[in-house]
Amino acid sequence: MAKDRMASTLRFLLAARRSELHGLEVLASTCELVVLVSALVHALQKERGYSNLYLYGADEQPLAALTGLSRDAIEVEEGVRRFLDALESDAARSAEKARLLNCVAHALFRLDELPDMRRRLRDRRIPAEEANAAFTRLIGSLLAVVFEAADSALDPGVTRILVALLNFMQGKELSGQERACGVIGYRAGYFTDAMKARMQALDASQARCFDVFAQYAPDEALAGWSTLAPLAQPVVQMRAMARNTSDAHRVDGGLAELWFDVCTQRMDAMRAVESTLATALALQCDKRIAETREEMDNRRLLLERFAEHASGKTTSMLFNVQGRVVDVPPSDGVGQDMERSILDVMREQTLHMQRSEEALAAVRTALDERKRIEKAKWLLVSRYALSEQAAHERMQKAAMDGGMSFGEVARQILAELGER
């Protein structure tokens with residue numbers, strides 16, 4: 001009976017590792033989707049930038065570049081859709097992906113609206129503000145996919161990189177929104193007080209995103225980010241110039257192109273950092289899958305040899321020694337030694353799970369804050385009939401006026417409106 005109980009224990013230890021391996025393989029597939037989405041977001045950001053330059057200007061010069069960028073974005077989108085077709089076919093066996101798939105559905109709905117908008121844009125039959133807002137909503141829905149991937153990840157090492165990538169992508173997206181706002185102001189020759197406040201809020205939000213990125217990013221991504229510091233200097237200088245403009249102190253409208261160029265150069269360079277994070281993400285997934293497979297093989301080998309010994313087919317035993325299964329000659333008290341070996345395996349597996357849970361809880365702090373911010377924003381939308389952007393701007397203003405972080409503003413809103 002004792003041997004039967006030990007064999008049952010080993011089978012469940014093996015099943016636990018098998019379950020972990022399945023989770024990691026699902027996570028690796030999700031991370032592959034994240035990498036594809038990051039490429040699509042970058043392509044759409046470039047297309048949106050030239051759309052702004054085209055619609056806010058009077059000449060046709062940016063149209064040729066815009067047409068090429070649209071083709072590039074369509075090609076990347078097709079790659080994402082091919083991947084999603086395979087993901088959809090496997091969805092029935094992946095109930096844990098429900099929230100992720102819901103975000104994907106929302107993003108696809110926005111992507112389906114894009115062809116018609118592109119036609120209207122080329123013919124100048126859509127206001128610049130409407131086109132910019134449509135691109136921004138679409139990119140926001142794609143970033144929600146990345147957030148859901150990070151939020152559902154259960155491996156702390158993978159989650160760290162996903163959190164770094166999510167915040168870097170969000171910071172880059174805010175840079176794109178600032179680029180659009182700057183094009184409007186410089187094209188007009190001056191910035192209104194509202195536009196100045198918007199630029200300042202976007203600058204502060206970028207800084208917060210990049211701070212979180214720096215907290216969780218691997219060394220190679222941080223090294224790449226540090227090389228981009230010189231590209232930020234012209235942006236900083238033109239931000240200061242924008243703050244000093246007024247209706248009475250205008251600047252040359254041609255500075256819109258210069259502002260667009262310095263912002264675009266910096267954003268294009270950011271793509272290299274995203275690629276570094278994508279590579280790190282794939283390597284971390286491969287590493288964890290290989291480690292778990294090795295551990296699972298050790299558990300399986302231990303179970304097989306235990307069965308052989310119990311049936312009298314072998315005179316040696318295999319025991320767990322520092323995470324590996326090794327042969328030892330028979331001795332008195334083999335049953336006790338085997339029991340101790342199984343207990344060692346159980347302790348190691350339990351400690352591994354505890355350490356993973358603790359590390360995951362530490363990483364999820366940034367995700368939990370973003371959840372609060374999103375919840376507070378949508379609460380404002382529903383309670384006061386605001387648009388998403390208006391709710392976001394109200395929170396930005398509250399943060400600036402009160403000298404608070406976005407997260408603190410979100411907590412205050414949730415508390416005041418009776419939400420947790």
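For clarity, every value in this text was computed on a predicted model and none was experimentally measured. (Residues numbered from 1 in each chain as written. Predicted model: local features only at pLDDT ≥ 70, side-chain atom pairs only at ≥ 80, totals over all residues. Heavy atoms only, no water.)

**With respect to the overall build of the chain**
A count of helices and strands for the chain gives 13 helices and two strands. Buried positions account for 47% of the 420 residues belonging to the chain. Expressed as a percentage of contacts within the chain between residues at least 6 apart in sequence, the contacts between residues at least 24 apart total 77%. When the accessible surface of the chain is totalled, it reaches about 20500 Å², and 54% of it is carbon and sulfur. (Helix = DSSP H or I, 4+ residues; strand = E, 2+ residues; numbered from the N terminus. Buried < 20%, exposed > 50% of the residue type's maximum accessible area, 1.4 Å probe, protein only. Contact = heavy atoms within 4.5 Å. Areas by Shrake-Rupley, 256 points an atom, 1.4 Å probe, with all protein chains shown as cover.)

**With respect to the side chain of Asn52**
Mapping Asn52 onto the fold places it in helix 1 (residues 2-56). In this view, Asn52 contacts Gly57, Ala128, Asn132, Ala180 and Val183; residues no more than four positions away in its chain are not counted.

**As for the pattern of salt bridges**
Under the counting rule described, the total for this entry stands at 26 salt bridges. Of the charged contacts, one joins Asp112 and Arg81 as a salt bridge, the two residues approaching to 2.8 Å between their closest N and O atoms. One end of the pair, Asp112, is in helix 3 (residues 98-112); the other, Arg81, is in helix 2 (residues 61-89), with 31 residues separating them in the sequence. The class for Arg81 is partly exposed, based on a relative accessible area of 27%. Salt-bridge contacts for Arg125 lead to Asp123; the nearest nitrogen and oxygen are separated by 3.6 Å. Residue classification places Asp123 among the partly exposed positions, given a relative accessible area of 48%. (Salt bridge = Lys/Arg side-chain N within 4 Å of Asp/Glu carboxyl O.)

**As for the nonpolar core**
Among the nonpolar cores identified, the biggest contains 82 residues, and Leu44, Leu121, Leu162, Phe213 and Leu277 are the most heavily contacted of them. When residues of this core are assigned to their parent elements, the largest contribution, 13 residues, is made by helix 1. Residue contacts for Leu277: discarding those within four places in its chain leaves Ile161, Ala164, Leu165, Phe168, Phe213, Ala217, Pro218 and Ala221. Membership of the second largest hydrophobic core comes to 15 residues, among which are Phe406, Ala410, Leu414 and Leu417. (Core = buried A, V, L, I, M, F, W, Y, C linked by side-chain atoms within 4.5 Å.)

**Some points on the side chain of Lys196**
With respect to the helices and strands, the residue Lys196 is situated in helix 7 (residues 193-216). In this structure Lys196 is buried but unpaired, with Asp193 as the nearest side chain of opposite charge at 4.4 Å. (Lys, Arg positive; Asp, Glu negative; His and termini not counted.)

**Description of the packing of aromatic side chains**
Tallying each qualifying case throughout the model produces eight aromatic pairs. Aromatic side chains Phe168 and Phe210 sit 5.5 Å apart centroid to centroid with 55 degrees between the ring planes, which places their arrangement in the tilted category. Residue Phe168 is found in helix 6 (residues 156-188), and its partner Phe210 is found in helix 7; the two are separated by 42 residues along the sequence. Under the relative-accessibility criterion, Phe168 is labelled buried at 0%. The exposure class of Phe210 is buried, given its relative accessible area of 7%. Pairwise contacts between aromatic rings join Phe168, Phe210, Phe213 and Trp225 into one cluster. (Phe/Tyr/Trp six-rings, centres within 6.5 Å; stacked < 30°, edge-to-face > 60°.)

**A short note on the confidence of the model for the chain**
When pLDDT is averaged along the chain, the result is 85, and 85% of the positions lie at 70 or above. Taken as a whole, residues 317-322 scores under 50 in pLDDT and shows 29 contacts with residues more than four places along the chain or in a different chain. For residues 325-334, every residue scores under 50 in pLDDT, and the model assigns this stretch 22 contacts once sequence neighbours within four places are set aside. (pLDDT = per-residue confidence, 0-100.)

**Things to note about the packing of helix 6 against helix 7**
Between helix 6 and helix 7, the shortest axis-to-axis distance is 8 Å and the interhelical angle comes to 160 degrees. Comparing the axis directions of helix 6 and helix 7 gives the class roughly antiparallel. In this structure, helix 6 meets helix 7 at a crossing whose hand is left-handed. Partitioning the contact of helix 6 with helix 7 into residue classes produces 14 nonpolar, ten polar and four charged. (Axes fitted to C-alpha atoms, helices over the stretch in contact; angles between N-to-C directions. Parallel < 35°, antiparallel > 145°, perpendicular 65-115°, else oblique. Left-handed = near helix turned anticlockwise from the far one by under 90°. Nonpolar A, V, L, I, M, F, W, Y, C, P; charged D, E, K, R; others polar.)

**Brief notes about the packing of helix 3 against helix 5 (residues 128-152)**
With their axes 9 Å apart at the nearest point, helix 3 and helix 5 run at an angle of 165 degrees to one another. Here helix 5 runs roughly antiparallel to helix 3, going by the angle between their axes. Two packed elements cross with a definite hand, and for helix 3 against helix 5 that hand is left-handed. Of helix 5, the residues touching helix 3 (which contributes Arg99, Leu100, Cys103, Val104, His106, Ala107, Arg110 and Leu111) are Arg137, Leu138, Ser141, Leu142, Ala144, Val145, Glu148, Ala149 and Asp151. Residue composition of the contact of helix 3 with helix 5, grouped by class: ten nonpolar, two polar and five charged.

**Thoughts on unusual backbone geometry**
Here Arg124, not a glycine, exhibits a phi torsion of approximately 55 degrees, which is positive. Relative to the helices and strands, Arg124 is located in the loop between helix 4 (114-122) and helix 5. The class for Arg124 is partly exposed, based on a relative accessible area of 31%. In this model, Ala385 sits at a positive phi of 55 degrees, which is unusual for a non-glycine residue. Mapped onto the secondary structure, Ala385 falls in the loop between helix 11 (334-384) and helix 12 (388-402).

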